[in-house]
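# Secondary and tertiary structure notes
Each chain, letter by letter, is given below.
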Amino acid sequence: MAFLKVVPLEKALEVIDSFPLEPKVERVPLGGALGRVLAEDITSPIDVPPFDRATVDGYAVRAEDTFMASESEPVRLKVVGEINAGDVPQLELKPGESVYISTGAPLPKGADAVIQFEDVDREGDEVVIYKPAYPGLGVMKAGADIQKGQPLLRRGTRLGFKETALLSAVGLTEVPVFRKPKVAVISTGNELILPGEDLRPGKIYDINGRAITDAVRELGGEAVFLGIARDDRESLKALIEKGVECCDIVILSGGASGGIRDLTSSIIGELGEVKIHGIAIQPGKPTIIGLIDGKPVFGLPGYPTSCLTNFTLLVAPLLRKLIGRESEVRKVRKRLAYKVFSVKGRRQFLPVRIEGDKAIPILKGSGAVTSFVDADGFIEVPENVEILGAGEEVEVTFFG
Ligand code: AMP
Ligand code: MG
C-alpha cells in the first residue's frame, strides 16, 4: 500500500498542535522539585532574613553611644548579656549598654550596630571601643535579602539547585510544577535485541528505544520503555495497546520498509485514527501520526538519525508545550564549514556538529548511529536549494 498522502511539515505540526492534550499542574515536595518546570509565578511569603541580624561575632551597641570613640579616648560600654543564633532577645539596650552577640543572632531592641570582637577590647564586664560605629554596621536588616511579596521565580523556569535553594530560603515545602507527560516508547524489528543479550547473527542492538526514552527524560517527560515489538500484528498491537493504556503519548520507531509500516498504520487505524502517513521531508518521509483514545501515537523512522531528527521536529515541540517550556530556544545560527549538496525538490535535514561559529556537516548517512551522536543538531536545506555554500549562514536545531 502506498503512502496515504504526503503532507508538508507545517501541516503535520498543525495536526499535532490540535491534539487534545493540555499542560497539567501538580504540586510536588520541594525535595523532589529539582529539574521540574514551575507552573506558577512564585512570590516570597516572608522577609529574608525575617529579623535584623548580626553579620559578625561581636558587640551589639547603640551607634550614637560610640560616636565620640577614638584611639586616645575610647568609649566604655557595659556588657549586659549575650545573644546567640536562634535566641529570642528579651532585653532592650539602654544608653551606655552593649551585649555580646554571635553571627546570625537577632539584634536586641535599641541596638542598631554590631562591632566585631576583633576591633574592641573586653575588660571585665565592659567593652572598650576605639572607633565610632555607624547605624547598620555589622547588621543585615529584615528583608534586605528578600522582601515579603517580592517576585522570586517565573512560571516556566526549570528548577536547578539555585532555584530550589531560593524556595528553601522562603520556607516553601511544595512547588507547583507542570506534570510530566508520560510517554510510552516502543522499538520494532525482528533484528533488534537489547544490550545484555547475545549478539547472534543478523541481530543489532536497539538504539532508538534508549535514545527516545532518554530524549524524553532530558526534555522533562516521563518515559516508559515497553520493549521491542516483533514485526508481526499481534506483537505490535499488544504493545501499542499497552502504551495507550499506560501513557499520554506513544512513540514507535522502525517498520518503515518492507510493507511493515503499513502494518503499524493499519493497527493504529484499527485502534484509532491515522491522521498523517507521510511527511514531505528527508529523511523521515514515512512517518505516521495517529490518535488512539485521544492519545497521540507517533510512528518514527527506524534509522536512528532519521528517528531522532523527526523526534526533534515533531514530538519535542509537543512535549515542550506540555511541560511549559515552549519558549526555550533550541536553535543557533552558525556558518557552514563546507559545501553540501542536497536533492532538489526535497526538504532535507542534515546532521551537523558545532565548533566555534562553524556548523560542520556529518555525511555518514542516517543509518549510522554516530551521525547523530557526533552531531549537536541538524540544519534544514529547503526543497528549492541544491547546494549550500561554505560560509553560508545556517540555523542549527539541537537534537532533543
Ligand atoms: P525499518 O524502518 O524498520 O525498516 O528500519 C530501517 C533501518 O533502521 C533498519 O536498518 C533497521 O535495522 C534500523 N532500525 C530500526 N529500528 C532500530 C532501532 N530501534 N535501533 C537501531 N536500528 C534500528
Ligand atoms: Mg524494521
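Described in the following lines is the structure provided in the data block. (Residues numbered from 1 in each chain as written. Chains lettered and ligands numbered in written order. Predicted model: local features only at pLDDT ≥ 70, side-chain atom pairs only at ≥ 80, totals over all residues. Heavy atoms only, no water.)

## Concerning the nonpolar core
Stated precisely, the cut-off is as follows: Only buried residues count toward a nonpolar core. Its members are Ala, Val, Leu, Ile, Met, Phe, Trp, Tyr and Cys residues joined through side-chain atoms within 4.5 Å. For every residue, the accessible area obtained with a 1.4 Å probe (protein chains only) is divided by the maximum for its type, and the residue is called buried under 20%, exposed over 50%, and partly exposed between those limits. Helix and strand definitions here come from DSSP, where helices need a minimum of 4 consecutive H or I residues and strands a minimum of 2 consecutive E residues; each element is numbered from the N-terminal end. Contacts: residue pairs with any heavy atoms within 4.5 Å of one another.
Counting 44 residues, the largest nonpolar core has Ile249, Ile251, Ile289, Phe298, Phe311, Leu314 and Leu319 as the members making the most contacts within it. Elements that contribute at least two residues to this core include exactly helix 1 (9-17), strand 13 (182-188), helix 3 (208-219), strand 17 (249-253), strand 19 (288-292), strand 20 (295-300) and helix 6 (304-323). Ranked by residues supplied to this core, first place goes to helix 6 with 11 residues. Setting aside residues no more than four positions away along its own chain, Leu314 makes contact with Leu9, Ala12, Leu13, Ile16, Ile279, Thr287, Ile289 and Phe298. Listed in part, the 18 residues of the second largest apolar core include Val244, Cys247, Leu263 and Ile292.

## A short note on the sheet that holds strand 19
Threshold: Only strands joined by at least two bridges in the DSSP assignment are considered to pair. Inter-axis angles, ranging from 0 to 180 degrees, are taken between N-to-C directions of lines fitted to C-alpha atoms, where helices are fitted over the stretch in contact.
Pairing is mixed in the open sheet, where 6 strands are placed in the order 16-13-17-20-19-18. The outermost strands of the open sheet, each flanked by one partner alone, are strand 16 (222-229) and strand 18 (273-277). Adjacent strand axes in the sheet meet at a mean angle of 20°, parallel and antiparallel pairs treated alike. Relative to the sheet, helix 1 contacts strand 18, strand 19 and strand 20, its axis offset from that of strand 18 by approximately 155°.

## Describing the environment of Ile16
Mapping Ile16 onto the fold places it in helix 1. Of the residues examined, Ile16 reaches a relative accessible area of 4% and is grouped as buried. Each C-alpha atom of the pair Ile16 and Pro317 lies 9.1 Å from the other, and the pair is 301 residues apart in sequence. The residues touching Ile16, leaving out its near neighbours within four places in the chain, are Ile289, Phe298, Leu314 and Leu318.

## A short note on the sheet that holds strand 4 (residues 58-61)
Taken together, the 6 strands give an open sheet; going across it, the order is 7-4-6-5-9-8, and neighbouring strands pair in mixed fashion. Taken across any chain shown, the strands that pair with only one partner, and hence form the sheet edges, are strand 7 (113-116) and strand 8 (120-123). Going from strand to strand, the sheet's axes swing by 35° on average, the running direction of each strand aside. With 3 bridges joining them, strand 4 and strand 6 (residues 97-101) adopt antiparallel strand pairing. When the bridges of strand 6 are listed, Tyr59 appears paired with Tyr100.

## Remarks on the pairing of strand 8
Remember that side chains alternate between the two faces of the sheet whenever the strand is regular. Bridging between strand 8 and strand 9 (residues 126-129) involves 4 bridges; their strand directions are antiparallel. Residue Asp121 lies in a different strand from strand 9, and its bridge partner there is Val128. In this antiparallel pair of consecutive strands, strand 8 and strand 9, the connection spans 2 residues, and Gly124 shows a positive phi of 60°.

## Overview of the environment of Val48
Following the sequence through the fold, Val48 ends up in the loop between strand 2 (42-43) and strand 3 (53-54). Along the chain, Val48 and Val177 lie 129 residues apart, while their C-alpha atoms are 24 Å from each other. Once you skip the residues sitting within four places of it in the chain, Val48 turns out to touch Gly143, Ala144, Asp145, Ile146, Ala169 and Val170.

The values are spatial; any link to function lies outside them.
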